[in-house]
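Structural description and commentary
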Amino acid sequence: MQQLTQRVVDLVDKALEGNGLEFEEMEYLYGVDPLSRDSYLIRWAAHQMSLAATDGKAEIHAQIGLNGSPCAKNCKFCSFAVCNGLVNKKVELSEDDVKYYCDEYVEAGANLILMLSTASYRFEKLLRMVEVARGVIGYDIPLLINTGDMTLEQALQLKAAGIVGAYHAVRMREGIDTSIPLETRLATIENLQKAGLSISTCVEPVGPEHTPHELAEASWRCMSYPSNSAGVGRRITVPGTQVDGRGQLSDLQASLLLAVYGLTTGFKPALNCSVSSPLSATSGGNLCWAEVGT
């Protein structure tokens, strides 16, 4: 019968103290066989830390897709990318749509509402939709955005309109699998911080081709700036995109990566996303996204 690896046991014991792990230790755990006994120990430990960090509670962040239009940023994994040719029509929600979804989310008890748009969405219209949403939900519920890169002035405008934070991530192989320079993504995160907006982020979209070293580098970068939530999100591979042939991580593989991220960061941030299956919900994940709109 397979035995636990002593180094994994030692690293899990260290992580359970809540002070996090070093880069090389995280990279080692990312390389653990998801079907091994070691993997189950890692996921168990991350679950215990998650329960302790949030007193056994999870959060649901409700997302509204504002548009579903072709985007020239050409992220090879995205169904909206012009390079993939899957979406040819401009589709955008109306103000009434946004009001309706906000009402539904408030009634359902969402912990937070986030409005998502592609980089092709007009900034002026985004500001207007923020005002529309705030008119419905008031100021008791946090309102975030997930949109394209922005200047400091734009970040300040969003804050003035009622936004309290943003989801923004440097994607895996940014600048290679996308046409967005890494520096541009980092500059936006800096602008969001300067504007006084909170940051939510993630190591994503992860596929089978990404190595433990790549994952560790991306994770270390996420951990370098303060965030309210972070974690590891697998790529849901869309048929017909340029990454279609790369495959997709299983629930078990994704749950292990999520657990390693949680063990590495310790108790901060308390919210570890993303909960995409019951496995991830028992592997340290305590934040999931409910999505409506386009």
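Before going into details, it helps to say that this report is about the structure given with it. Each chain carries its own residue numbering, running from 1 in the written order of its sequence. Note on the predicted model: pLDDT of at least 70 is required for a residue's local features to be given, and 80 or more for side-chain atom pairs to be given and counted; whole-chain, interface and lining totals, by contrast, use all residues. Side-chain numbers come from the whole structure's heavy atoms, not from hydrogens or water.

1. Remarks on the packing of aromatic side chains
- Ring geometry is summarised as follows: Phe, Tyr and Trp rings, the Trp one being its six-membered ring, pair when their centres sit within 6.5 Å, and such pairs are stacked at plane angles under 30 degrees, edge-to-face over 60 and tilted between the two. Summed over the entire model, instances satisfying the criterion amount to 3 aromatic pairs.
- Between the NZ or CZ atom of Arg-7 and the centre of the ring of Tyr-28, over which it lies, the distance is 4.3 Å.
- For Arg-43, the ring lying beneath its charged end belongs to Tyr-40, and the centroid distance is 4.6 Å. For a ring to carry a charge above it, either NZ of a lysine or CZ of an arginine must fall within 6 Å of the ring centroid while also lying within 35 degrees of the normal to the ring plane.

2. Comments concerning the pattern of salt bridges
- Whenever Lys or Arg places a side-chain nitrogen within 4 Å of a carboxyl oxygen from Asp or Glu, that contact is recorded as a salt bridge. By the definition in use, this model includes 15 salt bridges.
- Linking Lys-90 and Glu-92 is a salt bridge whose minimum nitrogen-to-oxygen distance equals 3.9 Å.
- Between buried and exposed lies partly exposed: a residue is buried under 20% and exposed over 50% of the maximum accessible area for its type, with that area taken using a 1.4 Å probe on protein chains only. Classification of Glu-92 by relative accessible area gives partly exposed; the value is 27%.
- Where salt bridges share partners, they join Lys-76, Asp-177, Glu-209, Arg-235 and Arg-246 into one cluster.

3. As for the packing of helix H1 (residues 6-15) against helix H2 (residues 23-30)
- All axes here are fitted lines through C-alpha atoms, helices being fitted over the stretch that makes contact, and every angle between N-to-C directions spans 0 to 180 degrees. In this text, helices come from DSSP runs of H or I with a minimum length of four residues, and strands from runs of E with a minimum of two, each type numbered from the N-terminal end. Interaxial distance between H1 and H2 falls to 11 Å at its minimum, and their mutual angle equals 125°. In terms of their interaxial angle, H1 and H2 are classed as oblique. As H1 runs across H2, the sense of the crossing is left-handed. When H1 is examined against H2, the residues Arg-7, Val-8, Leu-11 and Lys-14 are found in contact with a partner set consisting of Glu-24, Glu-25, Tyr-28 and Leu-29.
- Following the grouping adopted for this structure description, the nonpolar residues are Ala, Val, Leu, Ile, Met, Phe, Trp, Tyr, Cys and Pro, the charged ones are Asp, Glu, Lys and Arg, and the polar ones are all others, Gly among them. Residues belonging to the contact of H1 with H2 are distributed by class as follows: 4 nonpolar, no polar and 4 charged. Small angles under 35 degrees read as roughly parallel and large ones over 145 as roughly antiparallel, with 65 to 115 read as roughly perpendicular and the rest as oblique. Crossings are sorted by hand: turned counterclockwise from the far helix by less than a right angle, the near helix makes the crossing left-handed, and turned clockwise it makes it right-handed. By the convention used here, residues are in contact when the closest approach between their heavy atoms is within 4.5 Å.

4. Quick word on unusual backbone geometry
- In this structure, Pro-205 follows Glu-204 across a cis peptide bond, with omega equal to -10°.
- Examined against the element boundaries, Pro-205 turns out to sit in strand E6 (residues 203-206).
- With an omega of -5°, the peptide bond running from Lys-268 to Pro-269 counts as cis.
- You can see Pro-269 is positioned in the loop between helix H9 (251-265) and strand E8 (271-273).
- Residues other than glycine seldom take positive phi values, yet Asn-74 does so here, at roughly 55°.

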